[in-house]
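Here is what each chain is made of, one letter per residue.
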Amino acid sequence: MTLTLTKPIAYWHSDYETGNLQVDQEHQELFEIVNVLHDAVVTKQDFDTTYEILNRLASHTVEHFQTEEALMLSVNYPDYERHKQTHDHLVNKVSHLLKKFRDRDTAITTDITQFLTEWLSHHIKGEDQKMIRFFQNK
Ligand SMILES: [Fe+2]
Ligand SMILES: [Fe+2]
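Source: prediction; values computed, not measured. (Residues numbered from 1 in each chain as written. Chains lettered and ligands numbered in written order. Predicted model: local features only at pLDDT ≥ 70, side-chain atom pairs only at ≥ 80, totals over all residues. Heavy atoms only, no water.)

Colleague: Help me out: how do you make sense of the pattern of salt bridges in this one?
Modeller: Close approach of charged atoms lets side chains of opposite charge pair. One pass over the full model with this rule turns up 7 salt bridges. Residue K130 pairs with D79 through a salt bridge whose shortest N-O separation is 2.8 Å. Linking K130 in helix α4 (residues 110-136) with D79 in the loop between α2 (47-74) and α3 (80-102), this pair joins segments that are 51 residues apart in sequence. Sharing partners across several salt bridges, the network here consists of D79, R82, E127 and K130. (Salt bridge = Lys/Arg side-chain N within 4 Å of Asp/Glu carboxyl O. Helix = DSSP H or I, 4+ residues; strand = E, 2+ residues; numbered from the N terminus.)

Colleague: Before we go on, may I ask you to explain the coordination of the iron ion (ligand 2) in this structure?
Modeller: Reference geometry at the metal: tetrahedral coordination by four donors gives ideal angles of 109.5 degrees; octahedral coordination by six donors gives 90 or 180 degrees. E68 (OE), H83 (NE2), H87 (NE2), H123 (NE2) and D128 (OD) make up the full set of protein donors to the iron ion (ligand 2), lying at 2.0 to 2.2 Å. Each donor residue of the iron ion (ligand 2) lies on the same chain, and together they follow the pattern E-x14-H-x3-H-x35-H-x4-D. A separation of 3.5 Å is found between the iron ion (ligand 2) and the iron ion (ligand 1), which are bridged by E68. With H87 in helix α3 and D128 in helix α4, this pair connects stretches of sequence that are 41 residues apart. Here H87 matches D128 in class, with each residue buried. (Donors = N, O, S within 2.8 Å, 3.2 Å for Na, K, Ca; no water. Buried < 20%, exposed > 50% of the residue type's maximum accessible area, 1.4 Å probe, protein only.)

Colleague: Any chance you could explain the nonpolar core here in plain terms?
Modeller: A general trend in soluble globular proteins is that nonpolar side chains are found buried together. Residues V34, L37, L54, L57, I108, L116 and L120 are the most contacted members of the largest nonpolar core, which totals 27 residues. When residues of this core are traced back to their parent elements, those giving at least two are α1 (21-42), α2, α3 and α4. At 8 residues, the largest contribution of residues to this core is made by α1. L37 has contacts with T50, I53, L54, L57, I108, T113 and L116, leaving out every residue within four places of it along the chain. (Core = buried A, V, L, I, M, F, W, Y, C linked by side-chain atoms within 4.5 Å. Contact = heavy atoms within 4.5 Å.)

Colleague: I keep staring at the UniProt feature "domain: Hemerythrin-like" (unreviewed entry) in the chain and nothing clicks. Help me out?
Modeller: Within this numbering scheme, the UniProt entry marks residues 22-133 as carrying the feature "domain: Hemerythrin-like" (unreviewed entry). Between the end C-alpha atoms of residues 22-133 there is a gap of 15 Å, over a span that is 86% helix and 0% strand. (UniProt positions renumbered as here; feature names shortened; annotations may be inferred.)

Colleague: I keep staring at the environment of Q85 and nothing clicks. Help me out?
Modeller: With respect to the helices and strands, the residue Q85 is situated in helix α3. Using a relative accessible area of 54% as the deciding quantity, one classes Q85 as exposed. For Q85 and Q25, which are 60 residues apart along the polypeptide, the C-alpha to C-alpha distance reads 22 Å.

Colleague: It is not clear to me how the coordination of the iron ion (ligand 1) should be interpreted in this structure. Could you clarify?
Modeller: Coordination of the iron ion (ligand 1) by the protein comes from H27 (NE2), H64 (NE2), E68 (OE) and D128 (OD), over a distance range of 1.9 to 2.2 Å. Around the iron ion (ligand 1) sit 4 donor atoms, and with donor-metal-donor angles ranging over 81 to 168° the site reads as irregular. One chain supplies every donor for the iron ion (ligand 1), spaced along it as H-x36-H-x3-E-x59-D. Take D128: its relative accessible area is 1%, and that puts it in the buried class. (Tetrahedral: all angles 85-135°; square planar, octahedral: opposite > 155°, others 65-115°.)

Colleague: Is there a simple way to explain the packing of α2 against α3 in this structure?
Modeller: How two helices sit against one another is set out by the angle between their axes and by the gap between those axes. Packing of α2 against α3 brings their axes to within 10 Å, and their N-to-C directions diverge by 165°. Here α2 is positioned roughly antiparallel relative to α3, judged by the angle of their axes. Our pair here, α2 against α3, has a crossing hand that is left-handed. Residue classes in the contact of α2 with α3 are distributed as 15 nonpolar, 5 polar and 4 charged. (Axes fitted to C-alpha atoms, helices over the stretch in contact; angles between N-to-C directions. Parallel < 35°, antiparallel > 145°, perpendicular 65-115°, else oblique. Left-handed = near helix turned anticlockwise from the far one by under 90°. Nonpolar A, V, L, I, M, F, W, Y, C, P; charged D, E, K, R; others polar.)

Colleague: How should I be thinking about the side chain of D24 in this particular structure?
Modeller: Along the chain, D24 turns up in helix α1. If we skip the residues at most four places from it in the chain, D24 touches W12, Y16, E17, T18 and G19.

Set out below in structure tokens:
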């Protein structure tokens, strides 16, 4: 990524730490990509650049959710289904957005990067921290 970020939207805070190194690293990467996407929107980057970032975000999201789902399955996490449903919901939303953007049927706006930031913060501080606490108490 060669873009220079001017004003990030997703600020990482220690409140978001779960205590699981891999999960925390992947969350920070997602924050970074949301910031790069936001920067591309604000600085009006061309279609290909924006599409590439959105595509990266979609694939990192899928990979990250797979990490968490594998962790949950490995310990028979009791709330697996509900947690996975919230993941699936976001994956569907992001794939839909990617497709619509690819078809030039929608624009990526700061409302979208704002939504992604809020979704991530909310999910990390809720479901993800709850999940890691469960592993730590095993
Ligand atoms: Fe997560
Ligand atoms: Fe999660």
